[in-house]
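# Fold and contact review
One-letter residues, chain by chain:
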Amino acid sequence: MKPSCRFLISTKNPVFFKRHHSLTSNLSGNQFNFDKTKQLLTCPFRILGFKTIFNESRKSFCVPNISSGQSRLIARDSRAVSVVASVASQFRELSTSVETRVNDKNFERIFVQNGISVKPLVVERIDKDENVLGDEESRLGVLVDDGESVNRDDLDGGQGVEIVSTKREESDIEKEAWKLLNDAVVMYCGSPVGTVAANDPGDKMPLNYDQVFVRDFVPSALAFLLRGEGEIVKNFLLHALQLQSWEKTVDCYSPGQGLMPASFKVRTVPLDDNKLEEVLDPDFGESAIGRVAPVDSGLWWIILLRAYGKLTGDYALQERVDVQTGIKLILNLCLADGFDMFPSLLVTDGSCMIDRRMGIHGHPLEIQALFYSALRSSREMLVVNDGSKNLVRAINNRLSALSFHIREYYWVDLRKINEIYRYKTEEYSTEATNKFNIYPEQIPSWLMDWIPEEGGYLIGNLQPAHMDFRFFTLGNLWSVVSSLGTPKQNEAILNLIESKWDDLVGNMPLKICYPALESEDWRIITGSDPKNTPWSYHNGGSWPTLLWQFTLACMKMDRMELAQKAIALAEKRLQADHWPEYYDTRSGKFIGKQSRLYQTWTVAGFLTSKVLLENPEKASLLFWDEDYDLLEFCVCGLNTSGRKRCSRVAARSQILV
């Protein structure tokens, strides 16, 4: 009899579920190995400080055990496994139909006992023997990258899979990085669920750096996925989803349903009879500096969900009822109608990687690039049916409007700056050139001398009568990765980074923004923030974790030499400097004055960059190519209102030239 997973949800009672395996973490190697002797573990899933919220549209779930469940497709020949996985991936890419196993009675059976939510909702996962093409263990052998011959015998009762890797031997810095990454793994009820933000043994005041942050875990997740370790990522995605709509408040006010936590922590709390249990304690921003909810957490969660499917072939996870519902809740929160006139997402300061006051409130580029990527990811993963077709239509409309808006109004190069320099102001009409009433005096003096002849970038923010001309690295890199910018713009962004290498890279890649706010600007815009002093932390500091996104952008645009140059710079210092969080000074020469050491996403960003460079076929699964269909959509409706049509033709011409 195959083991099953079952738990109850009630509006008053905690959630209980049983895990039918024990998991040990092998820190000397780079794999998570299952103990051959199965043991019964009982782990009550409780969330500290919450009341349970149940929505009829939500479907609860149990975290599946990848060592149990459906039967596996096991092959002695690793090439056979590789071919099967490759064919499955290609079929998924080329298929134009939308299929789902959500309604498959062998996938999940949901029972509501004695009416609606008065009685507990029982979710029972019932597995039967079948070959599952995307099953986890059938891929573990394919992606192993430890430079050794691996033989997994009797893996959950299956046939052994023997794989001989031909990869190069890892360097000492890579071996140390993998050990540090494994040491940072957080266990919950015997299973890995994420990595802590920093793991410095000499730090006596970790604050919240001992928590699992959604945005911080992304490079760690990619490092594990690229190495064939998918279970930790799957657990993270599902546990974060379980935390999604639980209630947290600030001054008796709760955010909209669908918000993902910024982070969570595993805590051990005492019970009766001298017993202890583990609970998850999430933070939705109510404990953060500034008490700002994380807008980017849900966007990163969707992006990581897509990456998990692409790199493992396990698309069944995306098609689960609870996961589909989680995607819809995030999108409903982001696509809700409001007072804003722009297709870009309106957020407050501190709602993303720059999590404290830095003058990015409004429509910051970083959020728009992540929003665009999450919309494209959701469109790939949503199961199209009567309940989702309106949402898919809304996604297409928003993608079309957002891409046009960012490409048209956020882009600056030498020609565009000269155009702004000659703007007329106070234009009142639908045909105005200066649509946002930008005053030419806003162009900073540093920009006129800094912008190169060949190159350009997307500005940091755009609002009425205001353009933030600072260069924000994450937003620009992710615009390249997601094809938010046109192909010409993407190429120009990398040209600018190459031309201004000393300013944006210097001694340690990469500047989070350029230039830093100084003097009166620093006092007024940051509120005299003592941590965001000029050329430190978020105010022009250098963040090694941005290396993996730079590598991905360079690989997409076939500029591998730039990525190799940046990685070589980081490799010289990261190990000697004990993997700091960020670097200070204009050239990134000194370790940040308040920088944490052994920062996990510094370690993971380096490892992910190295693995991506060696596996371009895997890197190609993580970025998006230009979507020409978006250019055919015109959602503004001006052609039926008697007004002038929008300049969508101009947008298409930018692509095709």
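Above this text is the structure in question.
Rules used in this analysis
- Residues numbered from 1 in each chain as written.
- Predicted model: local features only at pLDDT ≥ 70, side-chain atom pairs only at ≥ 80, totals over all residues.
- Heavy atoms only, no water.
- Helix = DSSP H or I, 4+ residues; strand = E, 2+ residues; numbered from the N terminus.
- Contact = heavy atoms within 4.5 Å.
- Areas by Shrake-Rupley, 256 points an atom, 1.4 Å probe, with all protein chains shown as cover.
- Phe/Tyr/Trp six-rings, centres within 6.5 Å; stacked < 30°, edge-to-face > 60°.
- Buried < 20%, exposed > 50% of the residue type's maximum accessible area, 1.4 Å probe, protein only.
- Lys NZ or Arg CZ within 6 Å of the ring centre and 35° of its normal.
- Axes fitted to C-alpha atoms, helices over the stretch in contact; angles between N-to-C directions.
- Parallel < 35°, antiparallel > 145°, perpendicular 65-115°, else oblique.
- Left-handed = near helix turned anticlockwise from the far one by under 90°.
- Nonpolar A, V, L, I, M, F, W, Y, C, P; charged D, E, K, R; others polar.
- Salt bridge = Lys/Arg side-chain N within 4 Å of Asp/Glu carboxyl O.
- Pairing = 2+ DSSP bridges.

## Overview of the overall build of the chain
- Per the secondary structure count, the chain includes 21 helices and 22 strands.
- Looking at the chain alone, contacts between residues at least 24 apart form 71% of all its contacts between residues at least 6 apart.
- Carbon and sulfur atoms provide 51% of the accessible area of the chain, an area that totals close to 28,300 Å².

## With respect to the packing of aromatic side chains
- One pass over the structure, following the stated rule, counts 19 aromatic pairs.
- Taken together, a centroid distance of 6.1 Å and an interplanar angle of 90 degrees make the contact between Trp446 and Tyr514 edge-to-face. Here the residue Trp446 occupies a position in helix H12 (residues 445-450), and Tyr514 occupies one in strand S20 (residues 513-514), the gap between them amounting to 68 residues.
- Ring centres 5.0 Å apart and planes at 20 degrees place the aromatic pair Trp450 and Tyr514 in the stacked group. On the criterion of sequence distance, the pair formed by Trp450 in helix H12 and Tyr514 in strand S20 is long-range, its members being 64 residues apart.
- For Trp450, a relative accessible area of 5% puts it in the buried group.
- One aromatic cluster is present, formed by Trp446, Trp450, Tyr457, Phe471, Tyr514 and Trp535 through successive ring pairs.
- Its guanidinium or amino end placed over the ring of Trp178, Arg227 lies 4.3 Å from that ring's centre, counting from NZ or CZ.
- Stacked on the ring of Tyr209, the Lys or Arg Arg596 has its end atom at 4.6 Å from the ring centre.

## Examining the packing of helix H3 (residues 172-183) against helix H19 (residues 600-614)
- It is at 9 Å that the axes of H3 and H19 come closest, and there the two elements cross at 130 degrees. Between H3 and H19, the angle is such that the two are oblique. The handedness of the crossing between H3 and H19 comes out as left-handed. Contacts between H3 and H19 involve Ile173, Glu174, Ala177, Trp178, Leu180 and Leu181 on the former and, on the latter, Thr600, Val603, Ala604, Phe606, Leu607, Lys610 and Val611.
- The residue inventory of the contact of H3 with H19, partitioned by class, reads 10 nonpolar, 1 polar and 2 charged.

## As for the pattern of salt bridges
- On inspection of all chains with the given rule, the structure shows 23 salt bridges.
- In this structure, Arg227 engages Glu170 in a salt bridge whose closest nitrogen and oxygen atoms are separated by 2.8 Å. Taken together, the residues Arg227 in the loop between helix H4 (214-226) and helix H5 (231-242) and Glu170 in the loop between strand S9 (161-164) and H3 connect sequence positions 57 residues apart.
- Residue Arg227 is classed as buried on the basis of its relative accessible area, which comes to 2%.
- With a closest N to O distance of 2.9 Å, Glu626 and Arg407 form a salt bridge. Linking Glu626 in the loop between helix H20 (616-619) and helix H21 (648-656) with Arg407 in helix H10 (residues 389-409), this pair joins segments that are 219 residues apart in sequence.
- Classification of Glu626 as buried rests on a relative accessible area of 15%.
- Residue classification places Arg407 among the buried positions, given a relative accessible area of 5%.
- Here the salt bridges share partners, and the residues they tie into one network are Glu491, Glu498, Arg559 and Glu561.

## Examining the pairing of strand S10 (residues 185-188)
- Where S10 meets strand S11 (residues 191-195), 4 bridges bridge the pair, whose relative direction is antiparallel. Opposite Tyr188, over in S11, you have Ser191 as the bridge partner.
- In this antiparallel pair of consecutive strands, S10 and S11, the connection spans 2 residues, and Cys189 shows a positive phi of 55 degrees.

## Overview of helix H17 (residues 547-556)
- For H17, the buried fraction is high: 10 of the 10 residues fall into the buried class.
- The first or second residue beyond H17 is Asp558, which carries a positive phi of 60 degrees.

## As for the sheet that holds strand S13 (residues 263-270)
- With antiparallel pairing, 3 strands are arranged side by side in an open sheet as S12-S13-S14. Two strands close off the open sheet at either side, each with one partner strand: strand S12 (212-213) and strand S14 (276-283).
- Where S13 meets S14, 8 bridges bridge the pair, whose relative direction is antiparallel. Residue pairing for S14: Ser263 is matched across the bridge by Asp283.

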